[in-house]
Amino acid sequence: MSHTTGTSATHHIAICIMPRILELGLGYWLNQGYQPPILHQHILVAPSSRQISTTSMDLQLKQAKLRLLYFNIRGRAELIRLVLNAAEKDFQDVRVSSTEWPSLKAQMPFNQLPVLEVTTPRGEKVMLTESMAIARLLARTFGLYSDDAAEVYLIERMNSLTSSLLEEIYALGLKKVDSFKKLVEAEHVHEYMDAIEMALKERKSTFTAGPQVTLADLQVIVLIDTMDKFLANTKHDCKDELDKIKENVMKAKPGVARYLRSRPLTDF
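Being a predicted model, the structure only gives us computed values, none of them experimental.

Here the focus is the pairing of strand β1 (residues 65-71). Of all seven residues in β1, six are buried, a share of seventy percent or more. Strand direction decides the pairing type here: β1 and strand β3 (residues 115-119), joined by five bridges, are antiparallel. Bridged to Lys 65 within β3 is Thr 119. One ladder, built from five bridges, connects β1 with strand β2 (residues 92-96); its direction is parallel. Looking across to β2, one finds that Tyr 70 is bridged to Arg 95. What joins β1 to β2 is helix α4 (residues 78-86), and the crossover it makes is right-handed.

A few words on the packing of aromatic side chains. Taken as a whole, this structure holds two aromatic pairs when the rule is applied. Here a set of aromatic residues connected by ring pairs shows up, and it is made of Tyr 70, Phe 71 and Trp 101.

Quick look at the confidence of the model for the protein chain now. Mean pLDDT for the protein chain: 78, with 69% of residues reaching 70 or above. Confidence drops under a pLDDT of 50 for residues 1-50, and excluding neighbours within four residues, the segment shows 76 contacts in the predicted structure.

This part covers the sheet that holds β3. Pairing within the open sheet is mixed, and its four strands lie in the order β2-β1-β3-β4. Among the strands making up the open sheet, the edge pair consists of β2 and β4 (125-129). This sheet shows a mean twist of 20 degrees between the axes of neighbouring strands, independent of strand direction. Where α4 meets the sheet, its contacts fall on β1 and β2, and the angle it forms with β1 comes to roughly 150 degrees. The strands that helix α6 (residues 131-141) touches are β1, β3 and β4; relative to β4, the one it contacts most, it runs at about 120 degrees.

Reading guide: rules and limits
- Residues numbered from 1 in each chain as written.
- Predicted model: local features only at pLDDT ≥ 70, side-chain atom pairs only at ≥ 80, totals over all residues.
- Heavy atoms only, no water.
- Buried < 20%, exposed > 50% of the residue type's maximum accessible area, 1.4 Å probe, protein only.
- Helix = DSSP H or I, 4+ residues; strand = E, 2+ residues; numbered from the N terminus.
- Pairing = 2+ DSSP bridges.
- Right-handed = clockwise from strand over helix to strand, strands pointing away.
- Phe/Tyr/Trp six-rings, centres within 6.5 Å; stacked < 30°, edge-to-face > 60°.
- pLDDT = per-residue confidence, 0-100.
- Contact = heavy atoms within 4.5 Å.
- Axes fitted to C-alpha atoms, helices over the stretch in contact; angles between N-to-C directions.

Shown next as structure tokens:
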């Protein structure tokens, strides 16, 4: 009788719950022979005798050295990049090429990216996984979240709506859906658009959840940039409102504006 070890079971669960965006997005491009530019950076994570788990350390993120490892695409790491730039927190944006990935893969938790490598001033190191968990942790640390329960609800509602719509756009975009009319007529998509529009109309200030930029507003930028990528020159009331939020974030957070102007041009 065979038994599944705890490590194997955890690995199996992690593989099963990988977000559909990654499956439809990154997997598609790599299977099509997509070759991101090779960036000449030292990306291997050296073993450390002081490497410890998140359960036994104070991350001290504000003072820590951060290295974000992901592919040279926006994908699942873009929200993390936006949070760090909004906070104007220095970090190393390591963009792994398709030729570098095979030798690096086994060193990554769950054999996947993105990974945020955190090194504290005392030399303690931890590797964080799961893009939304990382983004939420950073947002809380750098004042881009909220302690108010009502605002937290608004933030997470928008995060949920935009994430669901992103999955639909990626799926349809990769099937070469070339008109916005076809997109909004597709299964579930019109429901998300209506819900986002309703949520935006309910807001009582410039941003999604209140008078300050939060994680939800940065997720809006990820959504609107993805819509522009797959559905350029389209018009919709909801999209116009999202564009306004993006403009307001860029005015309020100079680090975001600088990043959006200077980030690498990528296929995805």
